[in-house]
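The primary structure of each chain is shown beneath.
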There are 2 protein chains.
Amino acid sequence: MANTETSTTITTTTTVVAAAKAATAAIAETIVNKVLLGEKSSNKRPGSETKSLLTNVNNKKKKVDDNIQKSISTGFDHHHHHQYNNRTKLVDICPRSPSPPLSIPSSPSIDVEIENLPNSSQSALRTDCQSLSSDLGDISQPSFRESTSIHNTLQAKTSERVVLMTGAEQSSVVQPLLTDLYQISMAYAYWKSNKHQEIATFDLYFRKNPFGGEYTLFAGLEECLKFIRDYKFHPTDIEYLRATLSSYIESEFFDYLSQLNMNEIKVYAVPEGTVVFPRLPLLRIEGPVLKTQLLETTLLTLVNYASLVATNAARFRSATGADKTLLEFGLRRAQGPDGGLSASKYCYLGGFDGTSNVLAGKLYGIPIKGTHAHAYVNSYECLEDLSERELCDRLSGERRPFTNLCLQYLNELGPILKILPEETHKGELAAFISYAIAFPTNFLALVDTYDVLKSGVPNFLAVARALHECNYQAVGLRLDSGDLAYLSMKVREKFHEVAIKFNLSYMEHFNIVASNDINEDTLVSLEKQGHAIDSFGIGTHLVTCQKQPALGCVYKLVELANSPRIKVSQDIEKVTIPGKKNLYRFYGHDGKALCDLLTRIDEPEPQTATRMLSRHPFLEQKRAYVTPTTVRNLYVLYWADGEIKVPLPTLKEIRTYAREQIDQLRKDHIRDLNPTPYKVSVTDDLFQFMHKLWMKSVPIGELD
Amino acid sequence: MANTETSTTITTTTTVVAAAKAATAAIAETIVNKVLLGEKSSNKRPGSETKSLLTNVNNKKKKVDDNIQKSISTGFDHHHHHQYNNRTKLVDICPRSPSPPLSIPSSPSIDVEIENLPNSSQSALRTDCQSLSSDLGDISQPSFRESTSIHNTLQAKTSERVVLMTGAEQSSVVQPLLTDLYQISMAYAYWKSNKHQEIATFDLYFRKNPFGGEYTLFAGLEECLKFIRDYKFHPTDIEYLRATLSSYIESEFFDYLSQLNMNEIKVYAVPEGTVVFPRLPLLRIEGPVLKTQLLETTLLTLVNYASLVATNAARFRSATGADKTLLEFGLRRAQGPDGGLSASKYCYLGGFDGTSNVLAGKLYGIPIKGTHAHAYVNSYECLEDLSERELCDRLSGERRPFTNLCLQYLNELGPILKILPEETHKGELAAFISYAIAFPTNFLALVDTYDVLKSGVPNFLAVARALHECNYQAVGLRLDSGDLAYLSMKVREKFHEVAIKFNLSYMEHFNIVASNDINEDTLVSLEKQGHAIDSFGIGTHLVTCQKQPALGCVYKLVELANSPRIKVSQDIEKVTIPGKKNLYRFYGHDGKALCDLLTRIDEPEPQTATRMLSRHPFLEQKRAYVTPTTVRNLYVLYWADGEIKVPLPTLKEIRTYAREQIDQLRKDHIRDLNPTPYKVSVTDDLFQFMHKLWMKSVPIGELD
């Protein structure tokens, strides 16, 4: 902690975050209202009115989302990202090639999302959708008037306004019975001994950063708040419990449970997307002990994996830098269907740019991406399998002999690529041709089914050149096996040669997407050895968090009936920090986080430019003076009086905030190898208080 | 494969499995009918009529479920396992202590489940429950007549009879959009090129057994079948796709999608719970290529994690042997809510005895287990915190001074346990007392909050002895930290001394439950060093599958329009085995599995006692003759003509079958260290066919 003593510049504690949030909420509201009030839209590509609305929005919002930049630089937007029920969001943007080699007025292949609007009217669940369907009328011909009525219906409910801001829906299995049995047993024991109304405080925290790193992204808060808001045992739950639990349980207890809600509870938490560290209470839950205890398992379930996978995504992002496109392809390897959905959501939060998971796109408004599989290539054996052989010219509309053009260019490519045109796989070529006919503006080919350099790349380039002849531009190709560093550089070399030969400079910049068992170490290694990959599709190791598949969040009682509680343990790191606490983050004059400080709840708020003693919570020798330039109170009161107290940010806003949070860490805390631990300290007052209680709680043994 | 040549005994191929299944189905039907027809039941503990029904069932079913045996031997049934809507299932069974030391007529603390009845009328989802609630009437006073009407309603639907057999409900996020975007892109490309009706065959398989082992349990089939049965795009899905996908997609395609179902598809699969190996097609999916392609991601999602975690559970089971109780406590560390549910379900399938996850209990009929947390102990600081200090005697009903009895016995225990009674934590004692008052028949205490041997165990034993005085029996204790082998043996020693001193022999056999970061290696090591643990509560490492967090199932096209397809690759193990195939398992005269054989679809079925050549699929030198004693065709046609073709077994039946399957493996295939790989071979015909196609598909290069 020695290095924290030097900063002495004075600045006041700011409320920048709160102000930014309020501004964002206001903008989102404006947009929502525009949509709700039936802003005219149509199926045609957005025109000038749309653009002026968007300009408006952007002026208000001030900073352009970094996603736009990324989409421009990679071009791997096979499909538009489009918020459901909001047709005002697409604009055409020129591809990254600064001087388009063709006289195509605007590139057809790259669309960019401008704003992430709330879409919570889209129920997460089939059953919910069905219940809404009568309102929807003839959905195959959607109209805004009808959709609007759904929004209005939802808005009528209390606190649904907040939900509308978030763009996400709760999984329906998140319900009171999604808990460990012992929570219900304990609830009964509290109730039976008439202790259930005593006011308790629980801290939710973890003890160790994941993946051998020194930071964690906090995620899952919104889902926790919705769980608390909707907490209600269903009659069939009560019936199940009556039938299952000990026959000694008094019947009145079940009546009590059936009426239970979480309106008396208070939830303080650090904002979702905040960078957090071991032993920081991420949530501080206050309320009757029976109720606070009942929340434990579900809150842990909602925070643990969300934070783990968001942190994993953030680490992948750190490994590639900001200029690469990162796509989550993990659905098929996740822990079942909802595991896959959580993965998509929280990888996006942690810094990924899109997902292959269509349902995640629908529910959370995440950009969806994808190409085709090997099976598609395998489905064609030869050119004779093609039923459609022509393609309409993008400009003239005239039918062109597309297949023949491809074959002609394949022959031209032979000497350039030093391959035998007759040796490329003609089934693969047929597959590419048919795919290009289906998606002439989004052609991205998987090239490793037979042989990347001898077959896949020549076939791709032949089709790309023929597309050009019909006034389209191909997007790129995907590599799914082999040595990705070597192959990507080799492929880029071919692109370079072909771009020169055809005098089409954009072809040098075709998007190269790589997938195939990529993990964080692969990314680090690829960056070191050099490669020519623009986008990574990452599945298994991202969503399963290979390096550490669980974050060990715990939920510990720290106060009951105004009396502090400590949980001692033979393992020192399992000892809890007792009592209700506040949590502050100190920043130095460079804007970087210096250390975090836990105080007792009634201690005065730490002041900027004031030198104070911070102590290691367990080791008495470890102490340091610190003089913060800025102090930030990390807690926000999110839930009290039966309602969510502050507007919740959208997933995309959280994503931006999370990136800013990581940028506020010193580089040595986030570096790949042996990162420096970030210091979480306590005040001297809290230290003394804790150690006194600790001593009191451990019996003195008798040596014999 | 050399060791397969010796077996020559002749037996015929049997249909034992099918016969057993039919029998089980008949029994289940009998029970269902009894329930449906309103078999009288009441809230009182089951009496003689119940027992005679159950005896009947058992006589028919012939083998007693191994669970009963386990419940008896461990006594760790804190709560009755009780199938919802079925109150005819509990009987009291004496505890394992052969000569009960007390004149208690029947032990109150152990209840045993007898039959796993279908409970599919309990919807998996809150929303479903709500839609049913009007049928349920006054649920707080359940009656069979009302519940029956739900069963009948469900039965009225086509093929719901099959669902009724299974006791599980589909998660509502399992829907057509839960897929990778490229499936929908490919569907369009097939449709656009008018290729979508060509008949395809896909194989779903994996390439490597997980966890460094040599076997895998196949799981997830039932969920796959339900997904296929219910496959239907919702109008809002179509609306989302129209709004999101390329504007070049023809509108008629979306109309086509909105009408799509899976009635033309055929699904052959190995039965759920079968032991399987790399390269065996677990599912063979046949039908129009567009439809079969659309199923890929979701089927992989449903099979991958289910099979992985079931295999993990089976390995944990193998590590402990059959006599220990294994409980899944992983909800809080799973991949979100549904990850936790999948974990509970498939760990049970793989051989666990129960779960802490209450919702899994409700949805799948899995026994639920649990005790209390450290927070409960921490919620008491001293004996003065006790509001209720008395307990009614179980036999006489008279109020006894329970707290004073506990203190009195604590003093008596001082010299026996060589501890200072005044040094045990009195808050802990108060917590135990209040818990025992709430659960006098199910008292199981968590003893490591302060100090296991100096505080937890003495306090537990004082309460247990006082319970005995009131004519109850405690169940046991739980250790959640420290050296589990050492502590458990030390605790058992104490139990032994106390049992002698009090002349209460059952106290020597109190259940010792251990939890705290247990993984497979811990279990193996505990078994080696010796311990006295009866039950293990396992969370993180079980559900996250620490050793290997994903099973790499893939889904590959092997035939299209009657023409075989091969996917070649630079990685040899990624090459597919082309064409439609059959799958047989050969058994030797000892009943153990010898090897598996893939044949071309039109080859004759292998005959028992007939010597035939089996070949390694890739390496031409690896060949062996094999003469099976028994041949089993592993494929069952599960889905065709728009319906599930065979009754699906219950989760519990699958669990029993899975255990039998593992028992049919030679020990060297399942041993912990360097297990022998099980051989998956192909016929010579298939070998030749495959290699010819392989050669044809790889272009000959040109050296330069």
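The rules behind each value
Residues numbered from 1 in each chain as written. Chains lettered and ligands numbered in written order. Predicted model: local features only at pLDDT ≥ 70, side-chain atom pairs only at ≥ 80, totals over all residues. Heavy atoms only, no water. UniProt positions renumbered as here; feature names shortened; annotations may be inferred. Helix = DSSP H or I, 4+ residues; strand = E, 2+ residues; numbered from the N terminus. Areas by Shrake-Rupley, 256 points an atom, 1.4 Å probe, with all protein chains shown as cover. Least-squares fit on C-alpha atoms with pLDDT ≥ 70 in both. Contact = heavy atoms within 4.5 Å. Core = buried A, V, L, I, M, F, W, Y, C linked by side-chain atoms within 4.5 Å. Buried < 20%, exposed > 50% of the residue type's maximum accessible area, 1.4 Å probe, protein only. Domains from an automatic or database assignment. Axes fitted to C-alpha atoms, helices over the stretch in contact; angles between N-to-C directions. Parallel < 35°, antiparallel > 145°, perpendicular 65-115°, else oblique. Nonpolar A, V, L, I, M, F, W, Y, C, P; charged D, E, K, R; others polar. Pairing = 2+ DSSP bridges. Salt bridge = Lys/Arg side-chain N within 4 Å of Asp/Glu carboxyl O.

- The name that an unreviewed UniProt entry assigns to chain A is Nicotinate phosphoribosyltransferase, with the source organism given as Adineta steineri.
- As its UniProt record puts it under Pathway (unreviewed entry), chain A is described as follows: "Cofactor biosynthesis; NAD(+) biosynthesis; nicotinate D-ribonucleotide from nicotinate: step 1/1."
- Note on chain A: under the UniProt heading Function (unreviewed entry), the record states "Catalyzes the first step in the biosynthesis of NAD from nicotinic acid, the ATP-dependent synthesis of beta-nicotinate D-ribonucleotide from nicotinate and 5-phospho-D-ribose 1-phosphate. Helps prevent cellular oxidative stress via its role in NAD biosynthesis."

**A few points about the overall build of chain A**
- Across its full length, chain A holds 23 helices and 25 strands.
- Summed over its atoms, the accessible surface of chain A is roughly 23700 Å², and 51% of this surface lies on carbon and sulfur atoms.

**Some words on unusual backbone geometry**
- Despite not being glycine, Ala561 of chain A shows a phi value in the positive range, around 50°.
- Inspection of the secondary structure puts Ala561 of chain A in the loop between strand S16 (554-560) and strand S17 (563-564).

**Notes on the relation of the copies chain B and chain A**
- When chain B is brought onto chain A, the operation consists of a screw motion whose angular component is 180° and whose axial shift is 0.0 Å, with 0.1 Å RMSD remaining. Taken together, the rotation angle and the small translation identify this as a two-fold axis.
- Looking at the interface residues of chain B, 99% of them are also at the interface in chain A, so both copies use one shared face.

**Regarding the UniProt feature "domain: Nicotinate phosphoribosyltransferase C-terminal" (unreviewed entry) in chain A**
- Mapped onto the present numbering, the UniProt feature "domain: Nicotinate phosphoribosyltransferase C-terminal" (unreviewed entry) falls at residues 580-689 of chain A.
- Regarding residues 580-689 of chain A, the helix share stands at 21% and the strand share at 35%, and the terminal C-alpha atoms are separated by 12 Å.

**Details of the nonpolar core**
- Grouped together as the largest cluster of nonpolar side chains are 378 residues, with contacts concentrated most on Phe402 and Phe460 of chain A together with Phe402 and Phe460 of chain B.
- In this structure Phe460 of chain B touches Phe432, Phe443, Ala445, Val447, Ala474, Gly476, Leu477, Phe495 and Phe510 of chain B, once residues within four positions along its chain are discounted.

**Some remarks on the domain arrangement of chain A**
- When cut into domains, chain A gives domain 1 (181-317 + 550-697) and domain 2 (371-533).
- Here the C-alpha centroids of domain 1 of chain A and domain 2 of chain A sit 51 Å apart.

**Notes on the packing of helix H12 (residues 336-349) of chain B against helix H21 (residues 651-663) of chain B**
Residue and element names in this part refer to chain B.
- Remark: H12 packs on H21, axes separated minimally by 8 Å, with the N-to-C direction vectors making an angle of 45°. Judged by the angle between their axes, H12 and H21 are oblique. Where H12 abuts H21, its residues Lys345, Tyr348 and Leu349 lie against Leu651, Lys652, Ile654, Arg655 and Ala658.
- Partitioned by chemical class, the residues of the contact of H12 with H21 number 5 nonpolar, no polar and 3 charged.

**Thoughts on the sheet that holds strand S13 (residues 476-479) of chain A**
All names here are of chain A.
- Spatially, the 6 strands line up as an open sheet ordered S9-S8-S15-S14-S13-S12, and their pairing is parallel. Two strands in the sheet have a free side with no partner beyond their single neighbour: strand S9 (354-355) and strand S12 (444-446).
- Summarising the sheet, S12 and S13 pair through 3 bridges and their orientation is parallel. Bridge pairing in S13 links Leu444 to Gly476.

**Concerning the pattern of salt bridges**
- Going through the model one piece at a time under the given rule, you end up with 68 salt bridges over all chains.
- One salt bridge connects Glu296 of chain B with Arg332 of chain A, and the closest N-O pair in it is separated by 3.2 Å. Of this pair, Glu296 of chain B sits in helix H11 (residues 289-320) while Arg332 of chain A sits in the loop between strand S8 (325-328) and helix H12 (336-349), which puts the two residues in different chains.
- Among the salt bridges present, the one from Asp203 of chain B reaches Lys581 of chain B, with a minimum N-O distance of 2.7 Å. With Asp203 of chain B in strand S3 (residues 199-205) and Lys581 of chain B in strand S18 (residues 581-587), the pair connects residues that are 378 residues apart, well separated along the chain.
- Taking the relative accessible area as the measure of exposure, Asp203 of chain B reaches 2% and is therefore buried.
- Through salt bridges with shared partners, one network takes in Arg315, Glu520, Asp521 and Lys547 of chain A.

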